[in-house]
Amino acid sequence: MLEEDRVIPQVCVSLTQRTPGDVIGNDIPPPENTQQFGSFSGSNQLYPQRSFAESGENMCGVPPVAVDQVVEPQFGDVFGCRIEQYHEVDNEANNEQVDDLENVDEERTQIQTQGKHVQGVSCTVPNMPGTSEVRHNITVSDSDNTITWVIPGADSYSFGIGRSSTLATQEPTCMIYKGQFFPSKKDLKRLVGLFSMRENFEWKVKRSNKTTLHLVCIIDNCTWKLRAVRRDEGTYFQVKSFVNQHSCPLEEVHRRHRQASAVIIGEVIAPRLQQHDGRLMRPKDIIADMKTMYGIQVMYSKAHDALQYALSLTYGTHEESFKLLPSFAYVLEQQNPGTITDLQSADDDTFLYFFMSLGSSIRGFRRCMRPVIAVDGTHLKGRFGGTMFVATAQDGNEQVYPIAFGYGDSENNLSWEWFLECLRGALGHIDDLVFISDRHASIEAGISKVFPYATHTICCWHFGENMKKRFHKKDVADIMDSAARTYSEFNYNRHMEELHRLHKGAFEYAIAAGPHKWSRVHCPQRRYRLMTTNVAECINSCLKFARQLPMMTLAEFIRNMLQKWFHDRHAAARSMRHQLTDAAHLVILKRVEKCNYMTVNPVDWNIFSVKLKGNQWTVNLHLKTCTCNKFQMDHFPCSHALAAARERNLDYTSLCADYYKRETLIDAYSVPIMPVGHPSSWVVSSDIASQVVLNPKSKRQSGRPMEGRHASSSERTTTQSCRRCGQSGHNSRRCSNPPMVNEGPSISVPDEYRRKCSICHSIGHNKQTCPEKDSTVE
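Quick caveat: nothing in here was measured; it's all calculated off a predicted structure.

1. Some details on the UniProt feature "domain: SWIM-type" (unreviewed entry) in the protein chain
Then, number 1: When the UniProt feature table is mapped onto this chain, "domain: SWIM-type" (unreviewed entry) is found at residues 617-649.
Then, number 2: With 42% helix and 18% strand, residues 617-649 has its two end C-alpha atoms placed 19 Å apart.

Written as structure tokens, this is what we have:
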């Protein structure tokens, strides 16, 4: 049994000396009708492969022993098992001795007390009504009050999301025979149900009570039957009789199998429930797999229920997830120094907020990133709904750099203020800090209160979409976007005059919003090359699947995603061949091409006059400025500065800020993100493990949650067609084409029943389109 990988040793035995002639009651050899069939996930069964009576000794070389009793697993035991005292057994045949296991508890205690815990920093909104902070500023050193936090079913709890595969490629097999043990009657019925699905027959219950289970074939007078009784010890059932022979015709196809319940199907697909190309296994995939493997037709509703059950088996339930959040936050801080987490609950211990910012992200932003943060919120699609808050930046290679994540009930003033308070506690004070967001009132109020020294700007894309929706003109958004992205005051005024001529209301709307919020020229601080919240929207897209998972699994999904990003980007940065990042090097190459057509006239050693097609710019290489304003606004050389640097044979990399250099990019991803491990291996203090966090009272709306976002009016591609001529691009009022010829209905109708023209009494047109209309008027 110990050599078999599928055996879960959750049984306690006591070792006794066996003498020749002793009869062991449980040594029952498998009968001839032993049959292989598929197992299911999380069944905690015992599968003896051979009896002691056949071999004379067990797998370990020790004489066979008798199973005296079975101990029920209890919560708090290691892996759900209770470790008893084992006695020494004298092996006369091999003159060896089996060591006892009395030191197991001692070793476990030593392992639990070796962990050192990192100090956790918590940020809370002062004077927030109706809340109580769960995590505090505590430093826990070596202590004796650490425990191993084990949840029920922790051995089957999974964080990982890998590649999906078909059910047939990974179908395990096991044995069923007379004398086999099952943990409970429920497990026995499920496993026999899977067996009947595979063999394409159905069974019914002939007798079932607390001590006996008798199953027979659904066809009357069939010889197939299975009878199991409960053992005196605990809830274990043992198969007493099993006749695996059918006298009924098995050629009949059972299309809708009565044993193919959502629970059994969910247990079948749970080990293979994995992500494939960014999407989850769909109900129609389950329908196809069940049809291919078992020949069973599954309804869509049953496949959906099976998928939800498999999700709970694979990723845990939402209730378990909220209970484990304090321990997860504690272990995350311990494994990743510098990580900031904050968990808050209401007065009745229901979940309110959770904040997470990894130490590697905090360090990389403060040292290597431009001080521009994009914040956004997106809906969660789990059982209890909610909102996820995201704060992201952009590295020198134009890649998304996540900083912090938060989870709350909705986008309101309290939740955004709490998230920004935690973000300020994680980052500290940063000079010239700029926030980019949409025009949500709660975001603007929270930034002005929590970050009074920072500059709040709005996303140009969202602002343009609002203008399209309000004024129903695409041109106003295009002109506004050009005015927002320009670097010079002259071009800004030119675009705004054009907007005023096109639509006065749109011009007044843009001025009322405040040019300092959406215009690059009028922004008090540098926005660099970041004009939209696209970096935050990308994070929402990456978490499209994970947003339906339980809270702790979602947080672990994000940590695992960032772990991969940091590893891959650090390796890619080290392999770059230029001093600048790849993205910055491509921009430099495009701007260098324009330098060939420019005329450079030196004024002194650092100042140059650059001319092109009648335009003139002044470049100062010492101050790193240019009259086009690109050089000083982006801290990145424009084409005029590159032309001046070529005149002095200067290296263009010396004109770039450190944000765009390869060494800075390597430093940003140099600190790896460590995993937290499986929940069954977490070692936490007793005060953390005893904290109670219940699921929130609010629930998402009924019905299937929408996977994507609503497309705006400007994104919907509609083709206008004329009802007169059928061509697109105009309507019937502006139509100058001849009318369409009405060929009549596809069904043959007698002429006396068809509509005729009142002028010429012909069929196929009316008086408005009659060709004789003009002659009649004359």
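Next, the rest of the story.
2. Let's talk about the confidence of the model for the protein chain
Then, number 1: Mean pLDDT over the protein chain: 75, with 70% of residues reaching 70 or higher.
Then, number 2: pLDDT under 50 marks residues 160-174. Its contacts with residues more than four places away, or in other chains, come to 47 contacts.
Then, number 3: Predicted confidence is poor over residues 743-747, with pLDDT under 50, and the contacts of this stretch with residues over four places away or in other chains come to 2 contacts.

3. Considerations on the nonpolar core
Then, number 1: With 86 residues, the main nonpolar core has Phe354, Phe365, Phe405 and Tyr407 as its most contacted residues.
Then, number 2: No other element matches helix α17 (residues 551-574), which puts 11 residues into this core.
Then, number 3: Residues Val372, Met598, Val600 and Cys638 belong to the second largest nonpolar core, which totals 32 residues.

4. A few points about the UniProt feature "domain: CCHC-type" (unreviewed entry) in the protein chain
Then, number 1: UniProt annotation of "domain: CCHC-type" (unreviewed entry) refers to residues 722-737 when read in the numbering used here.
Then, number 2: The distance from the first to the last C-alpha atom of residues 722-737 is 10 Å, and the span holds 0% helix and 0% strand.

5. Considering the packing of helix α18 (residues 582-595) against helix α20 (residues 639-647)
The packing of two helices is summarised by the inter-axis angle and the distance between the axes.
Then, number 1: The N-to-C vectors of α18 and α20 enclose an angle of 70 degrees; their axes lie 8 Å apart at closest approach. On the basis of their axis angle, the class for α18 and α20 is roughly perpendicular. By crossing handedness, the relation of α18 to α20 is classed as right-handed. Packed against α18, whose contacting residues are Ile588, Arg591, Val592, Lys594 and Cys595, the element α20 presents Ser639, Leu642, Ala643 and Arg646 at the interface.
Then, number 2: Taken together, the residues that form the contact of α18 with α20 break down as 5 nonpolar, 1 polar and 3 charged.

6. Description of the pairing of strand β10 (residues 225-230)
Then, number 1: As defined by bridge partners, strand β9 (residues 212-217) adjoins β10 across 5 bridges and the pair is classed as antiparallel. Looking at the pairing, Leu215 lines up with Leu226 of β10.
Then, number 2: Bridge analysis of β10 against strand β11 (residues 237-243) gives 6 bridges, and the strand direction is antiparallel. Across the sheet, the residue bridging to Ala228 is Val239, located in β11.
Then, number 3: Where β10 folds back on β11, the antiparallel hairpin that results is connected by 6 residues, among which Gly234 adopts a positive phi of roughly 75 degrees.

7. Here we look at the environment of Ser680
Then, number 1: Looking at where Ser680 falls in the secondary structure, it is placed in the loop between α21 (662-668) and β23 (683-685).
Then, number 2: A polar contact is formed between the side chain of Ser680 and the side chain of His678, at a distance of 2.9 Å.

8. A short note on the sheet that holds β11
Then, number 1: One open sheet holds the 5 strands; their spatial order is β7-β11-β10-β9-β8, and the pairing between them is antiparallel. With one partner strand each, in any of the chains shown, β7 (181-182) and β8 (203-208) form the two edges of the open sheet.
Then, number 2: Bridging between β7 and β11 involves 2 bridges; their strand directions are antiparallel. Directly across from Phe181, in β11, lies its bridge partner Gln238.
Then, number 3: Where helix α3 (residues 185-199) meets the sheet, its contacts fall on β7, β8, β9, β10 and β11, and the angle it forms with β8 comes to roughly 155 degrees.

9. Points about the environment of Ser415
Then, number 1: For Ser415, the position within the fold is in helix α9 (residues 413-427).
Then, number 2: Distance from Ser415 to Tyr353, taken between C-alpha atoms, is 7.8 Å for residues 62 residues apart in sequence.
Then, number 3: Setting aside residues no more than four positions away along its own chain, Ser415 makes contact with Tyr353, Phe389, Asp409 and Ser410.

The rules behind each value
Within any chain, residue numbers begin from 1 and follow the written order of that chain's sequence. Note on the predicted model: pLDDT of at least 70 is required for a residue's local features to be given, and 80 or more for side-chain atom pairs to be given and counted; whole-chain, interface and lining totals, by contrast, use all residues. Hydrogens and waters are ignored; side-chain quantities use all the structure's heavy atoms. UniProt positions are given in the numbering used here, feature names are shortened, and annotations may be inferred rather than shown by experiment. Numbering of helices and strands runs from the N terminus; a helix is a DSSP stretch of H or I covering at least four residues, while a strand is a stretch of E covering at least two. The quantity called pLDDT is the predictor's confidence in a given residue, expressed from 0 to 100. Any two residues whose heavy atoms approach within 4.5 Å at even a single point are treated as in contact. Take the buried residues of types Ala, Val, Leu, Ile, Met, Phe, Trp, Tyr and Cys, join any two whose side-chain atoms come within 4.5 Å, and each joined set is a nonpolar core. When a residue's accessible area, from a 1.4 Å probe over protein chains only, is under 20% of the maximum for its type it is buried; when over 50% it is exposed; and in between it is partly exposed. To define axes, lines are fitted to C-alpha atoms, for helices over the stretch in contact only, and angles between the resulting N-to-C directions are given on a 0 to 180 degree scale. Roughly parallel refers to an angle under 35 degrees, roughly antiparallel to one over 145, roughly perpendicular to one between 65 and 115, and oblique to any angle outside these ranges. The crossing is said to be left-handed when, going from far helix to near helix, the turn is anticlockwise and less than a right angle, and right-handed when the turn is clockwise. Side-chain classes are defined by residue name, with Ala, Val, Leu, Ile, Met, Phe, Trp, Tyr, Cys and Pro counting as nonpolar, Asp, Glu, Lys and Arg as charged, and the others, Gly among them, as polar. Two strands are said to pair when DSSP picks up at least two bridges between them. Polar contacts, as used here, are pairs of N or O atoms within 3.5 Å; protein pairs need one atom able to donate a hydrogen and one able to accept it. Residues neighboring in sequence count only if both atoms are side-chain atoms.

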